[in-house]
Amino acid sequence: MTLDYQFPKDFWWGSAASATQTEGSTNGISGATIWDRWYKEAPNRFFEGVGPDQTSDFYHRYKEDITNMKAIGHNSFRLSISWARLIPEGKGDVNDDAVRFYNEVIDELLNQGIEPFVNLYHFDMPIELQDIGGWENREVIEAYADYAKIAFDLFGDRVKTWFTFNEPIVPVEGGYLYDFHYPNVVDARRAIQVAYNTMIAHARAVKLYHEAQDGKIGIVLNLTPSYPRSQNPADLKAAHICDLFFNRSFLDPAVLGEYPDDLIELLEEHGQLPETKVDDKDLLKNNIIDILGVNYYQPRRVKAKEHLPNPYAPFMPDWFFDNYEMPGRKMNVYRGWEIYEKGIYDIMINLKENYGNIDSFISENGMGVQNEERFIKDGRIEDDYRIDFIKEHLKWLHKAAEEGCNVKGYHLWTFMDNWSWMNAYKNRYGFFSVDLETGERTAKKSAEWIAEVSKQNGFND
């Protein structure tokens, strides 16, 4: 049977999750992260006061969850290791219980024919390392390099696809610019230092991996195309600068091994360059990634500034552009995010034309919806809206593949409903729903749909 949308051979069908959002920080012996600290200090900043202590209990129910993954056609799954679980204070002794747990998870995935993709850092700094400055402190780069090497040595015999960071721009934005993650700093100079040191840590891990391992290592970036309001030069410049700050500040050093000249010039002009070391440049240049994970949820639309920035206010990326709300845009009203499926194609074409057509895949894409219980029929959530969302994105991804983009797969965020940082369980994203009282998992309609898609390696319209 010929399908309308047939995907390349050996395409990765799966989903992604993170340790903090699924394992539960009170399960097993583990060190505390910035999330445990912040929840303790300010539970009011978390939706309905729900913190990271139990989450969806993957820690105890991973066998059931992996069996469910297999049942809906997963051939790959991205998880993260909790640094604070594996090395409870961020450096020092390894926690044997964590080694046992991650070994069991990896082995179970492999037994079910699901390839584990392992990410080393997903927003979850061990609190002892945050207390000495987190990514502002180069000591933490050394601790991260040691952690990465330990993880490679422990699990690299079976895990052949690794990622250094997930969405490294998010801790920068949330923790150091816009006050939506701990440590709640608003200071662009510190934000830029955090971003820079993160990429040095990334390059250190890539170097260590290539020296001793035989798989592939990359990074997961949330790429958000910056679309100008118009073709007016002022709007085009605004979109370009926005792209430099929020995409190319990580994409260029990761894939090309260097920062864009115009980003360096802009930061220099405003006295915002980070502190660097002599060897950093060569480290970045010589340790580029093998594979890129792309998280895509929404576009960013911008226009030239309506008003000049307040010269007495803190320096911000927003000095150079305003957000633009396009009339008539399609919205996910629960998240306040625009739905623009073509963005996934535009990202892939950009990677093909400007980034050597690097091996890449959609490592996250998804639709969070509130109060999904409204859509229960005969015991199942009929999430046709999620099926439509995935299908329309996949059509554009298919077009990119047809046009020669080196796209290897599609992972949904996420496999089952999970705890979502400050939003807790407000918006549900999973193929499976999770009953917060009992922990029971129930397949949604989208689970049945994706099972058929992955079985056929494609779908009909």
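Within any chain, residue numbers begin from 1 and follow the written order of that chain's sequence. The model is predicted, so local features are restricted to residues of pLDDT at least 70 and side-chain atom pairs to those at 80 or more, both for listing and for counting; the totals for chains, interfaces and linings are taken over all residues. Each side-chain value is derived from all of the structure's non-hydrogen atoms; neither hydrogens nor water enter the calculation.

Enquirer: Any chance you could break down the packing of aromatic side chains for me, citing the residues and the numbers?
Expert: Classification of ring pairs uses Phe, Tyr and Trp, with its six-membered ring standing for Trp, and accepts pairs whose centres are within 6.5 Å; under 30 degrees between planes counts as stacked, over 60 as edge-to-face, and the remaining range as tilted. Tallied over the full model, the rule gives 50 aromatic pairs. Measuring from centroid to centroid gives 5.1 Å for Phe123 and Trp421, while their planes differ by 50°, and the two rings are tilted. Of this pair, Phe123 sits in the loop between strand S4 (115-119) and helix H6 (127-130) while Trp421 sits in the loop between strand S17 (407-413) and strand S18 (427-428), and the two are 298 residues apart along the sequence. Each residue is assigned to one of three classes by its accessible area relative to the maximum for its type, calculated with a 1.4 Å probe on protein chains only: buried under 20%, partly exposed between the two thresholds, exposed over 50%. A relative accessible area of 5% places Phe123 in the buried class. Accessibility expressed as a relative area gives 8% for Trp421, which makes it buried. Between Tyr144 and Tyr147 the ring centres are 6.0 Å apart and the planes differ by 70°, which places this aromatic pair in the edge-to-face class. With Tyr144 and Tyr147 both in helix H7 (residues 138-155) and three residues apart, the pair spans about one turn of that helix. In DSSP terms, a helix is any run of H or I states spanning at least four residues, a strand is any run of E spanning at least two, and both are numbered starting from the N terminus.

Enquirer: Which residues make up the pattern of salt bridges, and what values go with them?
Expert: Put simply, a salt bridge is a Lys or Arg side-chain nitrogen that is within 4 Å of an Asp or Glu carboxyl oxygen. Throughout the structure, instances matching the rule amount to 42 salt bridges. Measuring nitrogen to oxygen at the nearest pair gives 3.1 Å for the salt bridge that ties Asp157 to Arg158. Judged by its relative accessible area of 21%, Arg158 is partly exposed. The closest approach of N and O atoms between Arg329 and Glu325, which form a salt bridge, is 3.6 Å. Using a relative accessible area of 25% as the deciding quantity, one classes Arg329 as partly exposed. Glu325 gets classed as exposed once you look at its relative accessible area, which sits at 59%. Residues joined in a network through salt bridges with shared partners are Glu372, Asp383, Arg386, Asp417, Arg428 and Lys444.

Enquirer: Go over H7 with me, naming the residues and quoting the values.
Expert: Expected helix span is taken as 1.5 Å per residue step, with the number of steps being one fewer than the number of residues. Between its first and last C-alpha atoms H7 spans 26 Å; for 18 residues at 1.5 Å apiece the expected length is 26 Å, and the two agree. Taken residue by residue, H7 has Val140, Ile141, Ala143, Tyr144, Ala145, Tyr147, Ala148, Ala151, Phe152 and Phe155 as its buried positions. Here a residue-residue contact requires only that any non-hydrogen atoms of the pair lie within 4.5 Å. At its buried positions, H7 is contacted by helix H4 (83-86), helix H5 (96-111), H6, strand S5 (161-166), helix H9 (188-212) and strand S6 (216-222). A distance of 2.9 Å separates the backbone nitrogen of Glu139 from a side-chain oxygen at the start of H7, and that oxygen is part of Asn137. As used in this structure description, the phrase polar contact means that two N or O atoms lie within 3.5 Å; if the pair is within protein, one of them must be able to donate a hydrogen and the other to accept it, and residues adjacent in sequence are counted only when both atoms belong to side chains.

Enquirer: Give a detailed account of the pairing of S17, specifying residues and quantitative values.
Expert: Taken across its seven residues, S17 has six buried, putting it largely inside the fold. Paired strands are those between which DSSP finds at least two bridges. As paired elements, strand S2 (residues 12-16) and S17 share five bridges and run parallel to each other. Across the sheet, the residue bridging to Trp12 is Gly409, located in S17. Where strand S13 (residues 360-364) meets S17, two bridges bridge the pair, whose relative direction is parallel. Across the sheet, residue Ser360 finds its bridge partner in S17, namely Val407.

Enquirer: Explain the environment of Val172 residue by residue, including any values.
Expert: Turning to its location among the elements, Val172 is positioned in helix H8 (residues 169-176). The spatial distance from the C-alpha of Val172 to the C-alpha of Ala191 is 5.4 Å, given a sequence separation of 19 residues. Each residue touching Val172, except ones within four places of it in the same chain, is listed here: Leu177, Ala191, Val194, Ala195 and Phe250.

Scope: geometric values only; no functional claims are made or implied.
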